[in-house]
Amino acid sequence: MTAVTTSSRSQRQDRVPNAPKPPRGLPSVKKILMVGGAYLIALIFITPYLEMLLTALRPVKEDSDPTIIPHHFQWSNFTSVFSGDSSFGTNMRITLEVAFGATFLVLLVALPAAYYTARKRFRGRKAFLFLVLVTQMFQPTAMVVGIYGEMRDLNMINSVWALIIVDAGFNLAFAVWILSAYFSAIPVELEQAAMIDGATRFGAFRRVTIPLAMPGIVTALIFTFIAAWNEFIVALTLTTSPDKAPLSVAVDNYIGQYTVDYGHLFASTVIATIPVIVLFGLIERKVVDGLTAGSIK
Amino acid sequence: MALPTAEQAAPPAGPAGPAAPGSAGAAPGRRRRRQVQPYILLIPAVVLLAAVVGYPLIRLGVISTQGFGLRTLITGRAASVGTANYTAILHDPQLVPVLVRTVVFAATLVAGTVVIGFGAALMMVAAGRKLRVAMMLALLGAWAMPTVASTLVWQWLFQPTYGVVNWLLTQLRVFGDVRQHDFLAGTTSGFVVVWLLVVWISVPFVALTLYAGLSQIPADYYEAAAIDGAGYLRRLRTVTVPFLRPVLMLVTVLSVIWDFNVFNQIWILTKGGPDGATTTIAIWSFTQAFASQSYGQGAAIAVFSVVLLAVLVGWWVRRLVVTGEEA
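Residues numbered from 1 in each chain as written. Chains lettered and ligands numbered in written order. Predicted model: local features only at pLDDT ≥ 70, side-chain atom pairs only at ≥ 80, totals over all residues. Heavy atoms only, no water.

**Student:** Can you lay out the overall build of chain A for me, pointing to particular residues and giving the numbers?
**Tutor:** Along chain A, the regular secondary structure elements total 13 helices and 0 strands. Moving toward the C terminus, one meets the helices and strands of chain A in the order α-α-α-α-α-α-α-α-α-α-α-α-α. Of the contacts made within chain A by residues no fewer than 6 positions apart, 72% connect residues no fewer than 24 positions apart. About 14,100 Å² of surface is accessible on chain A, with carbon and sulfur atoms providing 65% of the total. (Helix = DSSP H or I, 4+ residues; strand = E, 2+ residues; numbered from the N terminus. Contact = heavy atoms within 4.5 Å. Areas by Shrake-Rupley, 256 points an atom, 1.4 Å probe, with all protein chains shown as cover.)

**Student:** Help me get a handle on the overall build of chain B, residues and values and all.
**Tutor:** Secondary structure summary: chain B contains 14 helices and 0 strands in total. Walking chain B from its N terminus toward its C terminus, one meets helices and strands in the order α-α-α-α-α-α-α-α-α-α-α-α-α-α. Put simply, chain B has 327 residues, and 52% of those count as buried. Sequence-distant contacts in chain B: of pairs separated by 6 or more residues, those separated by 24 or more amount to 66%. (Buried < 20%, exposed > 50% of the residue type's maximum accessible area, 1.4 Å probe, protein only.)

**Student:** I'd love a proper account of the side chain of serine 305 of chain B, names of residues and values included.
**Tutor:** Here serine 305 of chain B shows up in helix α14 (residues 295–326). Contact partners of serine 305 of chain B, with chain neighbours within four places excluded, come to Phe260, Asn261 and Ile281 of chain B.

**Student:** How would you sum up the nonpolar core? Please name residues and give values.
**Tutor:** Core analysis: the biggest nonpolar cluster contains 193 residues, and Leu172 and Phe183 of chain A together with Leu210 of chain B have the highest contact counts within it. Here this core spans two domains, since at least three of its residues come from each of domain 1 (24–74) and domain 2 (79–293) of chain A. Once residues lying within four places of it in the same chain are set aside, the contact partners of leucine 210 of chain B are Gly117, Phe118, Ala121, Leu244, Val247, Leu248 and Val251 of chain B. (Core = buried A, V, L, I, M, F, W, Y, C linked by side-chain atoms within 4.5 Å. Domains from an automatic or database assignment.)

**Student:** Which residues make up the interface of chain A and chain B, and what values go with them?
**Tutor:** Counting from both sides, the interface comprises 107 residues of chain A and, opposite them, 114 residues of chain B. Buried area between chain A and chain B, summed over both chains or domains, comes out near 10,400 Å², and the portion from carbon and sulfur atoms is 75%. Our count for the contact surface shared by chain A and chain B stands at 0 salt bridges. Where chain A packs against chain B, one counts 8 residue pairs in polar contact (both at pLDDT 80 or more). The biggest single contributor to the side of chain A that touches chain B is helix α2 (residues 29–57) of chain A, with 17 residues. Classifying every residue of the side of chain A that touches chain B by side-chain character gives 64 nonpolar, 25 polar and 18 charged. (Buried area = accessible area lost by both parts, 1.4 Å probe. Salt bridge = Lys/Arg side-chain N within 4 Å of Asp/Glu carboxyl O. Polar contact = N/O pair within 3.5 Å; in protein donor to acceptor, adjacent residues only side chain to side chain. Nonpolar A, V, L, I, M, F, W, Y, C, P; charged D, E, K, R; others polar.)

**Student:** If you had to explain the pattern of salt bridges to someone new, which residues and values would you point to?
**Tutor:** All names here are of chain A. Evaluated as defined, the whole model comprises 2 salt bridges over all chains. Across the pair glutamate 191 and arginine 119 runs a salt bridge, and its minimum N-O distance is 2.9 Å. One end of the pair, glutamate 191, is in helix α8 (residues 188–196); the other, arginine 119, is in helix α4 (residues 88–119), with 72 residues separating them in the sequence. Considered together, glutamate 191 and arginine 119 belong to a single accessibility category, that of buried residues.

**Student:** An account of helix α11 (residues 232–260) of chain B is needed here, citing residue identities and associated values.
**Tutor:** Residue and element names in this part refer to chain B. The end-to-end C-alpha separation of α11 is 34 Å, well short of the 42 Å expected for 29 residues at 1.5 Å each. Along α11, the sharpest kink reaches roughly 65 degrees, centred on arginine 245 and followed within four residues by the proline proline 246. Judged by how many residues are buried, α11 sits mostly within the fold: 21 of 29 residues are covered. (Expected span 1.5 Å × (residues − 1). Bend = angle between axes of the 7 residues up to and from the residue.)

**Student:** Tell me what's going on with the environment of tryptophan 258 of chain B, and back it up with residues and numbers.
**Tutor:** Along the chain, the position of tryptophan 258 of chain B falls in helix α11. For tryptophan 258 of chain B, a relative accessible area of 25% translates into the label partly exposed. Separated by 152 residues in the primary sequence, tryptophan 258 of chain B and alanine 106 of chain B place their C-alpha atoms 8.5 Å from one another. Residues in contact with tryptophan 258 of chain B, not counting those within four places in the same chain, are Gln136 and Phe223 of chain A together with Phe205 of chain B.

**Student:** Talk me through the environment of isoleucine 89 of chain B; I want residue IDs and the actual numbers.
**Tutor:** Residues and elements named next belong to chain B. Within the fold, isoleucine 89 resides in helix α4 (residues 84–90). In the structure, isoleucine 89 is positioned 215 residues away from phenylalanine 304 in sequence and 9.3 Å away in space, judged by C-alpha atoms. Filtering out sequence-adjacent residues up to four positions away, isoleucine 89 remains in contact with Leu95, Trp284, Gln297, Ala300, Ile301 and Phe304.

**Student:** Could you give me a rundown of unusual backbone geometry, with the residues and numbers involved?
**Tutor:** Residues and elements named next belong to chain A. Positive phi, close to 60 degrees, is recorded for asparagine 155, a residue that is not glycine. Following the sequence through the fold, asparagine 155 ends up in the loop between α6 (140–153) and α7 (160–185). Positive phi, close to 70 degrees, is recorded for asparagine 158, a residue that is not glycine. When its relative accessible area of 23% is taken as the criterion, asparagine 158 is described as partly exposed.

**Student:** Which residues make up the packing of helix α5 (residues 95–126) of chain B against helix α9 (residues 187–214) of chain B, and what values do they have?
**Tutor:** All names here are of chain B. The interhelical angle for the contact between α5 and α9, taken along N-to-C directions, is 40 degrees, at an axis separation of 7 Å. Between α5 and α9, the angle falls in the class oblique. Pair α5 / α9 crosses with right-handed handedness. In terms of residue class, the contact of α5 with α9 is built from 22 nonpolar, 5 polar and no charged. (Axes fitted to C-alpha atoms, helices over the stretch in contact; angles between N-to-C directions. Parallel < 35°, antiparallel > 145°, perpendicular 65-115°, else oblique. Left-handed = near helix turned anticlockwise from the far one by under 90°.)

**Student:** Account for helix α6 (residues 129–144) of chain B, with residues named and values stated.
**Tutor:** Compared with the 22 Å implied by 1.5 Å per residue over 16 residues, the 22 Å span of α6 of chain B between its first and last C-alpha is a close match. Listing the buried residues of α6 of chain B in full gives Leu131, Arg132, Met135, Met136, Ala138, Leu139, Leu140, Gly141, Ala142, Trp143 and Ala144 of chain B.

**Student:** Could you give an account of the side chain of glutamine 136 of chain A, naming the residues involved and the relevant values?
**Tutor:** In this structure, glutamine 136 of chain A sits in the loop between α5 (125–134) and α6. Among the polar contacts listed, one links the side chain of glutamine 136 of chain A to the backbone oxygen of phenylalanine 170 of chain A, at a separation of 2.6 Å. With residues up to four places along the chain from it excluded, the contact list for glutamine 136 of chain A reads Phe170 and Ala173 of chain A together with Leu254, Ile257, Trp258 and Asn261 of chain B.

**Student:** Quick one: what's the story with the packing of aromatic side chains, residue by residue and with numbers?
**Tutor:** Taken as a whole and assessed by the stated rule, the structure comprises 21 aromatic pairs over all chains. Pairing phenylalanine 223 of chain A with tryptophan 258 of chain B gives two aromatic rings, centres 5.7 Å apart and planes at 15 degrees, and the pair type is stacked. Taken as a pair, phenylalanine 223 of chain A in helix α10 (residues 214–230) and tryptophan 258 of chain B in helix α11 lie in two separate chains rather than in one. A relative accessible area of 8% places phenylalanine 223 of chain A in the buried class. Put simply, the rings of Tyr115, Tyr116, Phe183, Phe202 and Phe205 of chain A touch in pairs and so form one group of aromatic residues. (Phe/Tyr/Trp six-rings, centres within 6.5 Å; stacked < 30°, edge-to-face > 60°.)

**Student:** Lay out the confidence of the model for chain A with the relevant residues and their values.
**Tutor:** All names here are of chain A. Taken over all residues, the pLDDT of chain A has a mean of 78, while the share at 70 or more is 82%. Note that residues 1–23 has pLDDT below 50 and, in this model, 17 contacts with residues that lie over four places away or in other chains. Note that residues 290–297 has pLDDT below 50 and, in this model, 27 contacts with residues that lie over four places away or in other chains. (pLDDT = per-residue confidence, 0-100.)

**Student:** Talk me through a nonpolar patch on the surface; I want residue IDs and the actual numbers.
**Tutor:** Nonpolar side chains collect at one region of the surface, where Ile69, Phe73 and Trp75 of chain A lie side by side and expose about 370 Å² of accessible area between them. Checked against the element boundaries, phenylalanine 73 of chain A lands in the loop between α2 and α3 (76–80). (Patch = residues over 30% accessible without salt bridge, like charges linked within 9 Å, V, L, I, M, F, W, Y side chains within 5 Å.)

If you want it as structure tokens, here you go:
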């Protein structure tokens, strides 16, 4: 590159109307827009959550008050979802087992499949990737009849394993595709260099490829975990008693045919969302620090 | 010299780097084993998908050729009707309006989700650490909420008399007093409320996935572009988008598929109403099967919509796979 082209390019750049160069010292228009937008998005996405929290804290007798913030906070909704003959604790345990089980199974199955579709050119590679994507095109409501029949034949109704397997199958497509995209972007030379240094192929995969693909793995992990955490239709079909059902089904029980118990529904939903936030807190560093590799500031 | 593009940035494909010992002079037997290996590593995925999706799919296909109605549930026998269910739905006067509505609905949803999600991902990169974590938590809260609950909270926000949105819009004094307005009763406003809800639920996935993708772009390319005098928008176009293309296209294709099939949110908010204004193909399939108790036709609509979707996204997926080969 020569100095001439650089200057001509920057001159051309100056004439672009929507890229104004701000004076030094003042925050740029871009910065203001981006940070303002960030606050706006955080606000829009947190508002329904706050509304849910406030409704859960609102005493029943204030239900028809037009105020946004209740006059008195009532915490009893949060404790009473656990009390009495409620199986909320059991439902929570089942949901945790299903979500962790499905996430583990998805990663176990998707990592090798994605790695080989990214690294090797074999017959049927395109067909495999396309068929994996086609599995996303079916309505869960259209699939439940067949899944119910299958699980009944296998004697797996009310089994946690049935939910783990179904949730893993439903969410495998995204994991395979996103991991394949990340593995493709990692230069094969890095693995070859590790193998020259004496690492086995698996060792190179574990020590070189996995760490570099971490943002993709974390994305697939969060995606599967949340999808399994919230799966409703299949769980509703495959469980027959309240103490065998996960949270998504238990929460739905607060919706009656004629009335909705909003206080308990929203209190249990807030509680149900907390484990996902905690999981994210544990792996957040991986996502946030992934940015040290590159930045577009 | 031009700004770096994806082609230049992509690592040289093939054995351009130092060849690993063993890979060059491998014995024929070893080479054959390598040929078999991919298939072995794909088997767990294929088995899992066959069990969870393949088998129910065959059942669905069989039901779609049967006169599977309420009588079948009692007697346990279903008469084969051949392609009658398919002929029936193809001649149904509802078919064309439902398809047009589904495509418009999905297209506007995908556009909204991807644009807002991409914007949010870029904002997360530009924001400081604290604001970034706040954004992530807000997005994650929306994403992790059970659909039933988030849909009901949305209904609550737009409710006549108590709705926060009704109150806010009234305070703006632009639309007059809308405190008593029922947004879900109007055909256009009902559509808009459903759209807002689905976008709100879908954006976190797109934003967090694209944010993770952005973290993979080496800073050198931005520095090179900056030296070349490229402004923010130009860097976005010449560095960010080409690098992000595989992930960007993946989330777009998945959004197309998912938004084509949106069911829960529409069903809970409007049940396809008012006047069928929000009856998409997913709702139609469900009401045919369970409300009209014509399971065969419901299954036929489901199969038909998958074939349609596969054709629609097929060429796009080809491009996706090809993009993966370039990298």
